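Per-entry structural report
Take a look at the letters that make up each chain.
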Amino acid sequence: MKRKLLFATAVVFALSLYAQTQSVNNLSFTYRHLYQDCEEIVRLSECLCVLDIEGNKSHFYNKDFERGTDLTDSLLRKGLSATEIVAVKKKEGISSNTANTNVFKNYPEDGKITVTENIGKIYLYEEAMPELEWNIEEGDTIIAGYACYKASTRYRGRTWTAFYTPDIPIGEGPWKLCGLPGVILYAKDSQNKFIYDCIGISNNLQRPIKTRKEKIQRCNAKEMADLLTLVLKDMDELMFRMSGVRVKHYNPDGTQAKSLQPLTACLKEIPE
């Protein structure tokens, strides 16, 4: 009981200090993100993700995917072909990594979280900010030069361990993780399928905090999880849901081709 009381007091103090200091400061955190695409392939993929914080709002995203999208849009306006665009992106060192989750906290309105995924088209859902019940645990370490302390929580099917630093008293973190009395610099789930490790901190935003001006398909968290599952399990069914058209595939001899081997997607969350 005493530990929970001290933790609650620390949260209130951190949020108060954050409100006083962050009105004039912006912060950007870069994370090395390791993640498992599917259950059948244990090897972890890797990308760089960024958490930009401005006041009480934030944006978490895949750095290369957003840079690549910006570049593609620019080159298309100049009339370049798809092949030329791929060559330019390769020259710029922009990876073809497809992980593209965008998470906005307190945007476009306070108390809300906005999540987007590019699954052939932009899908978006909004919901209330997650209220994570953190347990403070024994353990500390140094990350990016900051003293960090250990905590754990459970959210939508996964147990997460995080290390946060009270030296940066912002209740923020990668992806949807938040609510500790200091920014989260490291987090991983209990199965080591998803890992976030902060490797850089700066005082300047890397992108403006706003969603792209594109046509979007609104959904809820469960519907988005179902679509992400179909990407690896049944692409034809995914295309049918998106376009209403059933696609058939044929071999060179005219016989109908078998579907690709279905894979089981690793999802960060399993909404009810």
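First, a word on scope: everything that follows refers to the structure included in this document. (Residues numbered from 1 in each chain as written. Predicted model: local features only at pLDDT ≥ 70, side-chain atom pairs only at ≥ 80, totals over all residues. Heavy atoms only, no water.)

1. Here's the deal with the pairing of strand β8 (residues 146-155)
Heads up, the rule is: When DSSP finds two or more bridges between a pair of strands, those strands are recorded as paired. Only DSSP runs of H or I reaching four residues or more are called helices, and only runs of E reaching two or more are called strands; each is numbered from the N terminus.
Direction of pairing for strand β7 (residues 135-143) relative to β8: antiparallel, over a ladder of 6 bridges. Note that in β8 the partner of Ile 136 across the bridge is Ala 151. A loop of 2 residues connects β7 with β8, the two strands running antiparallel in sequence, and Ala 144 in this loop sits at a positive phi of about 50°. Relative to strand β9 (residues 158-165), β8 is paired through 7 bridges, and the arrangement is antiparallel. Bridging from a neighbouring strand, Tyr 155 pairs with Arg 158 of β9.

2. What to know about the packing of helix α2 (residues 63-77) against helix α3 (residues 82-91)
Our working definition: An axis is simply a line fitted to the C-alpha atoms; with a helix, the fit covers only the stretch in contact. Between two such axes, the angle follows the N-to-C directions and lies from 0 to 180 degrees. In this scheme, roughly parallel covers angles under 35 degrees and roughly antiparallel covers those over 145, while 65 to 115 is roughly perpendicular and the rest are oblique. With the far helix as reference, a near helix turned anticlockwise by less than a right angle produces a left-handed crossing, and one turned clockwise produces a right-handed crossing. Here, residues are in contact when the closest pair of their heavy atoms is within 4.5 Å.
For the pair α2 and α3, interaxial distance at closest approach is 10 Å and the crossing angle is 140°. Our classification of the angle between α2 and α3 gives oblique. Of the two elements, α2 crosses α3, and the hand of that crossing is right-handed. Here Gly 68, Leu 71, Thr 72, Leu 75 and Leu 76 of α2 come into contact with α3, specifically with Ile 85, Val 88 and Lys 89.

3. Side note on the side chain of Glu 269
Note the following rule: Whenever a nitrogen or oxygen atom comes within 3.5 Å of another N or O atom, the pair is scored as a polar contact, on the condition that within protein one atom can donate a hydrogen and the other can accept it, and that pairs from neighbouring residues in sequence are kept only if both atoms are in side chains.
Note on placement: Glu 269 falls in the segment after α5 (235-243). Engagement of the side chain of Glu 269 in a polar contact is seen with the side chain of Lys 176, the distance being 3.0 Å. Dropping the residues within four chain positions of it, Glu 269 is found in contact with Tyr 125, Tyr 155, Arg 156, Trp 175 and Lys 176.

4. Some words on the environment of Tyr 31
For clarity, the cut-off: For the exposure calls, accessible area comes from a 1.4 Å probe over protein chains only, and a residue counts as buried if that area is under 20% of its type's maximum, exposed if over 50%, partly exposed in between.
Looking at where Tyr 31 falls in the secondary structure, it is placed in strand β1 (residues 26-35). Its relative accessible area of 0% is what places Tyr 31 among the buried residues. A C-alpha to C-alpha distance of 8.0 Å links Tyr 31 and Leu 185, two positions 154 residues apart in sequence. A polar atom in the side chain of Tyr 31 sits 2.6 Å from the backbone oxygen of Ile 184.

These figures capture arrangement, not role.
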